Amino acid sequence: MQSDLFVISYWDGPTATRERYAEVAEAGFTVAQVDAGTPGETMQVLAWCAEFGLKAIVADARVYAGMTEDPAWEAAVETVVAAYGDHPALWGYFIKDEPHPREFEGLAQIVRAFGERDPEHVAYINLFPNCCSPDQLGTVDYRGHVRAYLDTVRPTLLSYDNYSLMETYDRPDYYTNLEIIRQEALRAGVPFMNIVLATPHWLYRDPTPEDMRWQVYTTLAHGAKALAYWTYQTPDWENSRNGPLTIHGKRTAKWYVIRDLNLELQALAPHLLTLRSTGVWYWPDAPKGTEGETRRLCGEGLVALIEGGQDRVRSIGEPLHTEGSRFLIGEFEDREGLPWVMVVNLDRERPSFVRMTLRTEHRTVSRVMRSTGELRPVSEDRGVGPTRPYRDGVYTSFWLAPGDGRLMRFSG
């Protein structure tokens, strides 16, 4: 897998025209899904992707989960690699969405065949979320499903989807799914991708801009190196509605929300790609349904204390109105051994003024600017010094918008 690219992709892409792929690039995506039909049509789309600085996952009808039952299947792999493997826009080959464990052995053969012939590109497979039935997963234990896939298929990327935003509630197992995927990806030594909800359908609700931001930043706080959206263009089936593009290909307000999130991601990406996740914590409580998979902040990691609310702090000892304030903390380490933190405001209705005490010998706190990717000192809030070093740690404070995240480095 290309290590210097943060994958930002989608499902259900637009009509295959040059103008549409220019629009995909404008929306901040880095990898397009390409299911253009014939090999000639696919090559044309790859040319457009190259023109606009995009990479592409190519779906070719000659590649499918059960192809190993055909005696000539390896010749088909060689033909597909010969057709696309040298194209500068290629990122990977689409293999299968949401496989059952009975398919794992065959998929392992396919992934190995592509890896032997084209090790630079990804043989792409996407897994079920943890809310699926034992019949779909082939087991009652979701971790067992993920581990069996990783150990049997040995992919270079662990991808899954989770749409937790229901019409009247949020699925509580969203965080558990993230933590299992994070832990198993670290165990296997591969990056992971989460596919999040953009287009409402069935009993899934229409995500607000804050819902979109929450999905993106909770995923990043768990250490994801890739992200995708379901969907880009609204599918013309069932009750699908209000995707980034309508069924007629017209931009909706959500297109602009996702564009801005994607551009933020592109600014954060050079830093995120260098980080290794070292811990995930919640405050004040781990979400319901996550017992055994996620942890309440208890002072074992880099962050010793976090609190927040809607009031701006005037002094360290001043109490905050903290009712409803909830945070997710992702801790990381970069290649130089420096500690990083991503803090996410889990409240999607109210902003929060955060104050955080960290157990570290480093005294300089820098935030990543989401407009440029630059590292800059945490800014002051109307004269209140945001960062104060102490003998045994450092204190810092900052604002977070609803559902928003902040990436920070500690150095010096």
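Residues numbered from 1 in each chain as written. Predicted model: local features only at pLDDT ≥ 70, side-chain atom pairs only at ≥ 80, totals over all residues. Heavy atoms only, no water.

Draft legend 1. Expanded view of unusual backbone geometry. Here Trp 230 and Thr 231 are connected by a cis peptide whose omega angle stands at 0°. Within the secondary structure, Thr 231 sits in the loop between β8 (226-230) and α9 (253-272). Positive phi, normally seen in glycine, also occurs at Glu 98, with a value near 50°. As for its placement among the helices and strands, Glu 98 is situated in the loop between β4 (90-97) and α4 (104-117). If you check the backbone angles, Trp 202 has positive phi at about 50° while not being a glycine. (Helix = DSSP H or I, 4+ residues; strand = E, 2+ residues; numbered from the N terminus.)

Draft legend 2. Seen up close, the side chain of His 100. Checked against the element boundaries, His 100 lands in the loop between β4 and α4. Non-local contacts of His 100, meaning those with residues more than four positions away in its chain, are made with Asp 135, Gln 136 and Gly 138. (Contact = heavy atoms within 4.5 Å.)

Draft legend 3. Main features of the nonpolar core. Tyr 21, Phe 114, Tyr 124, Leu 158 and Tyr 229 are the most contacted members of the largest nonpolar core, which totals 110 residues. Residue contributions to this core peak at seven residues, all from α9. What Tyr 21 contacts, discounting residues up to four positions off in sequence, is Tyr 10, Thr 15, Ala 16, Ala 32, Gln 33, Val 34, Val 45, Trp 48, Cys 49, Phe 52 and Leu 54. Listed in part, the 19 residues of the second largest apolar core include Trp 281, Leu 297, Ile 329 and Phe 398. (Core = buried A, V, L, I, M, F, W, Y, C linked by side-chain atoms within 4.5 Å. Buried < 20%, exposed > 50% of the residue type's maximum accessible area, 1.4 Å probe, protein only.)

Draft legend 4. The layout of surface pockets, seen in detail. Roughly 280 Å³ of internal volume is contained in the largest pocket. Lining the largest pocket are 17 residues, with Glu 98, Asp 161, Tyr 163, His 201 and Trp 202 positioned closest to its centre. Here the lining of the largest pocket is composed, by residue class, of 10 nonpolar, three polar and four charged. (1 Å grid on protein atoms, 1.4 Å probe; cavity = no way out; pocket = protein on both sides within 12 Å on 5 of 7 lines; lining within 4 Å. Points joined across faces, edges and corners; volume = space filled by probe spheres on them. Nonpolar A, V, L, I, M, F, W, Y, C, P; charged D, E, K, R; others polar.)

Draft legend 5. Structural view of α4. Between its first and last C-alpha, α4 extends 20 Å over 14 residues, near the 20 Å set by a 1.5 Å rise per residue. Those residues of α4 lying buried are Phe 104, Gly 106, Leu 107, Ala 108, Ile 110, Val 111, Ala 113 and Phe 114. The inward-facing, buried residues of α4 abut α3 (73-84), β4, β5 (122-127) and α6 (142-153). (Expected span 1.5 Å × (residues − 1).)

Draft legend 6. Representation of the sheet that holds strand β15 (residues 364-368). Sheet architecture is open: seven strands sit in the order β10-β9-β12-β13-β19-β15-β16, paired in mixed fashion. The outermost strands of the open sheet, each flanked by one partner alone, are β10 (295-296) and β16 (375-377). The pairing of strand β12 (residues 327-333) with strand β13 (residues 339-345) spans seven bridges and is antiparallel. Note that in β13 the partner of Phe 332 across the bridge is Trp 340. Taken strand by strand, helix α8 (residues 209-221) contacts β9 (276-283), β12, β13 and β19 (405-411), and its axis lies near 150° from that of β13. (Pairing = 2+ DSSP bridges. Axes fitted to C-alpha atoms, helices over the stretch in contact; angles between N-to-C directions.)

It is worth stressing that arrangement in space is one thing and function is another; only the former is reported here.
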